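# Topology and contacts: notes
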Amino acid sequence: MTGGPRPRRYGYLGPEGTFTDAALGLALAARGEDGATGAPTAERVPAASVDAALAAVRAGGLDAAVVPMENSVEGGVPATLDGLAGGDPLVVVAEVLVPVSFVLAVRPGTRREDVRVVSTHSHAQAQCRGWLAEHLPDAGYTPSTSTAAAAAGLAPDAPAPSYEAALCARVAAERYGLEVLAEDVGDTAGAVTRFVVVSRPTPPPPRTGADRTTVIAFQPADHPGMLLGLLEEFSSRGVNLTRIESRPTGDALGRYCFAIDAEGHVEDARVAEALLGLHRVCAQVRFLGSYPRADAVPVVVRPGTADDDFAAARGWLDAVRAGRPPAGSHAGDGPVARTTS
Ligand SMILES: O=C(O)C(=O)Cc1ccccc1
């Protein structure tokens, strides 16, 4: 046997040619596991669904999986949010942005007027609804597990399919020997999907100053201002949210959890304080990771919310409690600066 680290196994929504496959390629390149460096080249393992990929990570058969989290047109991906909100805990360790552009692909020789049914992933169908209404108004739709699965079903050597066209990435049309009848059939130019790399719980990657933190907050007992209270835990610490989405917990009608993406890293004092606050007011908080933002947009630190500010406040409190004069490093510490309290 040779020594050295073994290649890591990454799951993705397959088969080859999905947008998730493209996201995995980018993630592996960013991690140096794509064969371009000396590190072992990762093994890419297709899965039939997001749930199957997450289950294989939980069971230990995969080291990690890449799953779609959020789309600029369609919003959050329910299968991913629900898959991460329940079951054994998993964490996000990285994110990747992939521009999504769709083609209408057919078996060679099929003409547009022959297309009676189109197949694709539900997210792709939602993003091409307008184009379909205009160009194939009479065509039906049959869902597939992924865009590439729809394309693979039309491959010349596949059994006779129940549909004539697939909406997929151009690479999938090429991979499965299909003809492209129309390009860029998405309704929104510049659509982007955010994918995340998910693993079993592990300490977060180091903070970069351009990080994101994801949590699921389970609704506390319902009361007026409940959601406002959750939001205040973030706003009072100067933590900006990039997404908040409610999902039913499935327990009962009216029971919700909130999938929250916040700017910053759990190592940032303001994020840590916000999460502590959230934990105090929520029935349960599931930490889903702190990881670098794919767009590398640095966090804007509002006055009074830097680590030093939290440390100075803590030092002041410790001094007050110990009956010591507070250290004078912070403008608000001294008795002269405060006339009340
Ligand atoms: O089916 C795919 O190719 C996927 O990776 C899921 C998906 C579908 C549409 C937009 C983004 C991701």
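Residues numbered from 1 in each chain as written. Predicted model: local features only at pLDDT ≥ 70, side-chain atom pairs only at ≥ 80, totals over all residues. Heavy atoms only, no water.

The name given to the chain in an unreviewed UniProt entry is Prephenate dehydratase, with Pseudokineococcus lusitanus as the source organism. Looking at the Catalytic activity (unreviewed entry) heading of the UniProt record, one finds this comment for the chain: "prephenate + H(+) = 3-phenylpyruvate + CO2 + H2O". Comment text from UniProt for the chain, heading Pathway (unreviewed entry), reads "Amino-acid biosynthesis; L-phenylalanine biosynthesis; phenylpyruvate from prephenate: step 1/1." (UniProt positions renumbered as here; feature names shortened; annotations may be inferred.)

Taken together, Leu13, Thr18, Phe19, Thr20, His121, His123, Ala124, Gln127, Ser146, Thr147, Thr193 and Phe195 are the residues near the ligand. Phe19 is positioned such that a nitrogen or oxygen atom in its backbone is 2.9 Å from an oxygen atom of the ligand. Between an oxygen atom of the ligand and a side-chain N or O atom of Thr20, the distance comes to 2.5 Å. Starting from 310 Å² of accessible surface for the ligand in isolation, the protein chains cover 99%. Those elements that place two or more of their residues in the shell around the ligand are helix 1 (19–31), helix 4 (122–127) and strand 11 (192–199). Per-element tally for the shell around the ligand: the top contributor is helix 4, with 3 residues. Class assignment for the residues of the shell around the ligand results in 4 nonpolar, 8 polar and no charged. Structurally, the shell around the ligand is a two-domain feature, drawing no fewer than three residues from each of domain 1 (1–99 + 192–202) and domain 2 (103–182). (Near = heavy atom within 4 Å. Polar contact = N/O pair within 3.5 Å; in protein donor to acceptor, adjacent residues only side chain to side chain. Areas by Shrake-Rupley, 256 points an atom, 1.4 Å probe, with all protein chains shown as cover. Helix = DSSP H or I, 4+ residues; strand = E, 2+ residues; numbered from the N terminus. Nonpolar A, V, L, I, M, F, W, Y, C, P; charged D, E, K, R; others polar. Domains from an automatic or database assignment.)

Under the UniProt annotation, the feature "domain: ACT" (unreviewed entry) is placed at residues 215–292. Helix makes up 29% of residues 215–292 and strand 37%. Its end C-alpha atoms lie 15 Å apart.

The subject of this paragraph is the packing of aromatic side chains. Throughout the structure, instances matching the rule amount to 1 aromatic pair. Summarising the aromatic geometry, the rings of Phe19 and Phe102 are spaced 5.3 Å apart at their centres and angled 75° between planes, so their arrangement reads as edge-to-face. Of this pair, Phe19 sits in helix 1 while Phe102 sits in the loop between strand 5 (91–99) and strand 6 (103–106), and the two are 83 residues apart along the sequence. A relative accessible area of 4% places Phe102 in the buried class. (Phe/Tyr/Trp six-rings, centres within 6.5 Å; stacked < 30°, edge-to-face > 60°. Buried < 20%, exposed > 50% of the residue type's maximum accessible area, 1.4 Å probe, protein only.)

Right, let's get into the packing of helix 2 (residues 50–59) against helix 3 (residues 78–85). In the contact formed by helix 2 and helix 3, the axes pass within 9 Å of each other and the chain directions differ by 25°. With respect to helix 3, the element helix 2 is oriented roughly parallel. Handedness of the helix 2/helix 3 crossing: right-handed. Residues Val50, Asp51, Leu54 and Arg58 of helix 2 form the contact with helix 3, whose own contacting residues are Ala79, Thr80, Gly83 and Leu84. Classifying every residue of the contact of helix 2 with helix 3 by side-chain character gives 4 nonpolar, 2 polar and 2 charged. (Axes fitted to C-alpha atoms, helices over the stretch in contact; angles between N-to-C directions. Parallel < 35°, antiparallel > 145°, perpendicular 65-115°, else oblique. Left-handed = near helix turned anticlockwise from the far one by under 90°. Contact = heavy atoms within 4.5 Å.)

Turning to the sheet that holds strand 9 (residues 165–168), a few remarks are in order. Ordered in space as 8-7-9-6-10, the 5 strands form an open sheet in which the pairing is mixed. Strand pairing shows two members of the sheet lacking a second neighbour, strand 8 (140–143) and strand 10 (179–182), which therefore form its edges. With strand direction ignored, the average angle separating the axes of adjacent strands in the sheet is 35°. Here 3 bridges tie strand 6 to strand 10, and the two strands are oriented antiparallel to one another. Note on strand 10: the bridge partner recorded for Val106 is Glu179. (Pairing = 2+ DSSP bridges.)

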